[in-house]
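# Descriptive structure summary
Okay, here's what each chain looks like letter by letter:
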Amino acid sequence: MKLVFATHNPNKFREVQILMPKHVKLLSLNDIGCLEDIPETSDTIEGNAILKAEHVKSHYGYDCFADDTGLEVSALNGAPGVYSARYANTSNNAQANMEKLLNEMLDIEDRSARFKTAIALTLEGHQNLFLGICEGTITLEPRGKEGFGYDPIFQPLGFVETFAEMSLTQKSEIGHRGKAMRELLEYLSLNNS
Ligand code: IMP
């Protein structure tokens, strides 16, 4: 069985690939010749995931799933949220985004935050949405070299490591994307096969 995962991000692709049963051939956007950046113009995480899945279906004809993720900081009223990629007004520069967030939080004691992933699935004319949330805190400084994006400054609840100090497998087990993916796999009834 072939499934398109609508991402250009090789880190995300690897995270999702390790959760897939062996008989599923996961295709990336590059694999189907979709080289353009798909516009993410919605003001919600869920809306952007749906936009991406619909773009692939309408332009390339493939059934697919797409994810969108945001980091919601309690003390910043949920920011950066849906604007996580462009938080520092650059096009997805992880270093600049982390620096801006740490600066915004210099005098803030409540460092609680959560990653939220929405996965939109377009399959045989039906559309479904799956959510995964991971609670945690924003650290005082970046730690670790694994992962991507905000991983070095996010410490999931119940752990002493940041996501960037964990293996891919461990992040997937407890992380937002892994949770949403397991919902998707359950829906597809693929997880036991
Ligand atoms: P998008 O879902 O690819 O649009 O990501 C939005 C922003 O959140 C980007 O800046 C990503 O680098 C960041 N991001 C998405 N997923 C993760 C994650 O699992 N860990 C850390 N940062 C992430």
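Not measured: the values here are computed from a predicted model.

Once that is clear, we can look at the pattern of salt bridges. Evaluated as defined, the whole model comprises eleven salt bridges. The shortest N-O distance in the salt bridge between Glu 135 and Arg 114 comes to 3.1 Å. With a gap of 21 residues between them, Glu 135 in strand E6 (residues 126-138) and Arg 114 in strand E5 (residues 112-123) connect regions that are remote in the sequence. Look at Glu 135 and you get partly exposed, because its relative accessible area is 36%. Lys 171 is paired through a salt bridge with Asp 151; the nearest N and O atoms lie 2.9 Å apart. Of this pair, Lys 171 sits in helix H4 (residues 168-174) while Asp 151 is found in the loop between E6 and strand E7 (154-156), placing the two residues 20 residues apart along the sequence. Across the pair, exposure class does not vary: Lys 171 and Asp 151 are buried alike. Several salt bridges share partner residues, and in doing so they unite Lys 12, Glu 15, Asp 67, Asp 151, Lys 171 and Arg 177 into one network.

Here we take up the environment of Glu 135. Residues Glu 135 and Arg 177 lie 42 residues apart in sequence; the distance between their C-alpha atoms is 12 Å. The contact partners of Glu 135, leaving out residues within four places of it in the chain, are Ala 113, Arg 114, Phe 154, Pro 156 and Leu 157. Within the structure, the side chain of Glu 135 is placed 3.1 Å from the side chain of Arg 114, a separation counted as a polar contact.

A word on helix H3 (residues 94-104). Listed as buried for H3 are Asn 97, Met 98, Leu 101 and Leu 102. Looking down the long axis of H3, one finds its buried residues gathered within 130° of arc, a one-sided arrangement. Contacts from the buried residues of H3 go to strand E3 (64-73), strand E4 (80-81) and E6. For H3, the capping residue at the N-terminal end is Asn 93, with a side-chain oxygen 3.1 Å from the backbone nitrogen of Gln 95.

With the rule as written, the count across this model stands at six aromatic pairs. Both rings, one in Phe 5 and one in Phe 65, keep their centres 4.9 Å apart while their planes meet at 15°; by these two values the pair is stacked. Of this pair, Phe 5 sits in strand E1 (residues 2-5) while Phe 65 sits in strand E3, placing them 60 residues apart in sequence. In this structure Phe 65 comes out as buried when scored by relative accessible area, which is 0%. Three or more aromatic residues joined by ring pairs make a cluster, and in this case those are Phe 5, Phe 13 and Phe 65. Against the face of Phe 163 rests Lys 171, its NZ or CZ located 5.3 Å from the ring centre.

What counts and how
Residues numbered from 1 in each chain as written. Predicted model: local features only at pLDDT ≥ 70, side-chain atom pairs only at ≥ 80, totals over all residues. Heavy atoms only, no water. Salt bridge = Lys/Arg side-chain N within 4 Å of Asp/Glu carboxyl O. Helix = DSSP H or I, 4+ residues; strand = E, 2+ residues; numbered from the N terminus. Buried < 20%, exposed > 50% of the residue type's maximum accessible area, 1.4 Å probe, protein only. Contact = heavy atoms within 4.5 Å. Polar contact = N/O pair within 3.5 Å; in protein donor to acceptor, adjacent residues only side chain to side chain. Arc of directions from axis to C-beta. Phe/Tyr/Trp six-rings, centres within 6.5 Å; stacked < 30°, edge-to-face > 60°. Lys NZ or Arg CZ within 6 Å of the ring centre and 35° of its normal.

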